[in-house]
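A look at the structure
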Amino acid sequence: MKTIHRLMTLCAVLCLMLLPAAVLAEIAFGPDLSGVFCYPEGSDETTALYVYRYCYPQMAGDSDLAALINTTYAYTAEDALGFEVPMLASEMQPGDPQKLVSISYEITCLNDDHLSLKIIKRVTIGGDETNASTVTSGHVFALSGSGTGRIVNLPVLLGLLDAEETDEWLLTRQTDKATRYARDMVWERLTGSGKYQVYDDLTREEFDASFYPEEDFYLTQEGDICFFLQAGMVAPEEEGEIGIVISAEELLDEM
């Protein structure tokens, strides 16, 4: 069965390779979607108790692809400013050191099939950059196929699921499968390579509970999968974020 599945996956990949490679011609970046929220009302970035800065990419042009990607980030910003940001800001009390939340991004991969971004949330208290905390998210947009213009998860990226799949049994089965094998490979490289100074008492159960490979990844410049572990999750904070690169071919071969 593994052999049959691999052949089916390879056939799907080959079919995608035969599609016209016109996507890159559509990809052009326009001015970023950016803004600043300050609390309390009427304050500015120098006097505010809470400052929220955000910066997301925007595509130029009026293509359907550009509209889908731009709408994703417009909604993300609108949702944050409408709910989470005011709620967190209102918890600040007079005399508290200023909290600065900054959202930025890096483009990690752009090819015919995917646009991958690393979204970085950095929180600084009282201007002390030495103790700032950082949380990473990965966004991989499909530029071809049924999921074009949408962020895809790991099983869709690997071809285990179609982006339009609605069968709950199949969704659960294939997602669990991708998660299980990805966790196994990342755990092996994390603990067996000698490259990472993980906590001495880190257990596999703790690792599994804190790492969600279905979403915790972005693509490298070469198109490989970089699974990331947040700073402080499996190793001391000073080790920073840990990224473990595994190609899609390696992962599929294990399945």
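Data block above holds the structure.
Summarised in this report is the structure supplied together with it. Going along each chain's sequence as written, the residues are numbered from 1 onward. Where local features are concerned, this predicted model is filtered to residues with pLDDT of at least 70; where side-chain atom pairs are given and counted, the filter is 80 or more; whole-chain, interface and lining totals use all residues. For side-chain calculations, the full set of non-hydrogen atoms in the structure is used, while hydrogens and water are omitted.

1. Digging into the packing of aromatic side chains
To keep it simple, the criterion reads: Pairs were defined over the aromatic rings of Phe, Tyr and Trp, the Trp ring being its six-membered one, requiring ring centres within 6.5 Å. Orientation was assigned from the angle between planes: stacked under 30 degrees, edge-to-face over 60, tilted for the rest. Only runs of H or I of at least four residues qualify as helices and only runs of E of at least two qualify as strands under DSSP, and these elements are numbered from the N terminus. Each residue is assigned to one of three classes by its accessible area relative to the maximum for its type, calculated with a 1.4 Å probe on protein chains only: buried under 20%, partly exposed between the two thresholds, exposed over 50%.
Scanning the model with the defined rule gives 9 aromatic pairs in all. Summarising the aromatic geometry, the rings of Tyr54 and Tyr56 are spaced 6.3 Å apart at their centres and angled 35° between planes, so their arrangement reads as tilted. Taken together, a centroid distance of 5.1 Å and an interplanar angle of 15° make the contact between Tyr56 and Tyr73 stacked. Of this pair, Tyr56 sits in strand E2 (residues 50-56) while Tyr73 sits in helix H3 (residues 64-90), and the two are 17 residues apart along the sequence. We classify Tyr56 as buried; its relative accessible area is 5%. Counting every residue linked through ring pairs, the aromatic cluster contains Tyr52, Tyr54, Tyr56, Tyr73 and Phe141.

2. Overview of a negative patch on the surface
Rule in force here: Think of a patch as exposed residues, more than 30% relative accessible area, with no salt bridge, where like charges cluster within 9 Å and nonpolar side chains (Val, Leu, Ile, Met, Phe, Trp, Tyr) cluster within 5 Å. A 1.4 Å probe and the Shrake-Rupley method give the accessible areas. Residues count as covered only by the protein chains that appear here. A pair is scored as a salt bridge if a Lys or Arg side-chain nitrogen falls within 4 Å of a carboxyl oxygen belonging to Asp or Glu. All tallies of charge rest on Lys and Arg as positive and Asp and Glu as negative; His and the ends of each chain are not included. Think of each charge as sitting on NZ of Lys, CZ of Arg, CG of Asp or CD of Glu.
Residues Asp200, Asp201, Glu205 and Glu206 make up a contiguous surface patch of negative charge. Along the chain, the position of Glu206 falls in helix H6 (residues 204-210).

3. Notes on H3
The following threshold applies: What a helix should span is 1.5 Å times the count of its residues minus one. Given a residue, its bend is the angle between the two axes fitted to the seven residues that end at it and to the seven that start from it.
Taking 1.5 Å of rise per residue, 27 residues should cover 39 Å, and H3 covers 38 Å from first to last C-alpha, within 8% of that figure. The sharpest bend along H3 reaches about 45° and sits at Leu81. Listing the buried residues of H3 in full gives Leu65, Ala66, Ile69, Asn70, Tyr73, Ala77, Ala80, Val85 and Ala89.

4. Quick word on a nonpolar patch on the surface
A cluster of nonpolar side chains, namely Phe29, Ile107 and Leu110, defines an oily patch on the protein surface of about 240 Å² accessible area. Position of Ile107 relative to the elements: it lies in strand E3 (residues 99-110).

5. Points about the sheet that holds E2
Counted only if it meets this: Pairs of strands are assigned from DSSP output, requiring at least two bridges between the strands. An axis is simply a line fitted to the C-alpha atoms; with a helix, the fit covers only the stretch in contact. Between two such axes, the angle follows the N-to-C directions and lies from 0 to 180 degrees. Contacts were defined at the residue level, with two residues in contact if any of their heavy atoms lie within 4.5 Å.
If you walk across this open sheet you meet the 5 strands as E1-E2-E3-E4-E5, and the pairing is mixed. What marks the edges here is a single partner per strand, and that holds for strand E1 (33-39) and strand E5 (133-142). The average undirected angle you get between the axes of adjacent strands in this sheet is 15°. Of the pairings in the sheet, the one linking E2 to E3 comprises 5 bridges and is parallel in character. Following the sheet pairing, Tyr52 is matched in E3 by Val101. Against the sheet, H3 makes contact with E1, E2, strand E4 (114-125) and E5, and its axis sits at roughly 175° relative to E2, the strand it touches most.

6. Points about helix H5 (residues 168-192)
The first and last C-alpha atoms of H5 sit 35 Å apart over 25 residues, in line with the 36 Å expected at 1.5 Å per residue. Listed as buried for H5 are Gln174, Thr175, Lys177, Ala178, Thr179, Tyr181, Ala182, Arg183, Met185, Val186, Trp187 and Leu190. At the C-terminal side of H5, Gly194 shows a positive phi close to 80°.

So, to be careful, I would describe these as geometric facts and stop short of saying anything about function.
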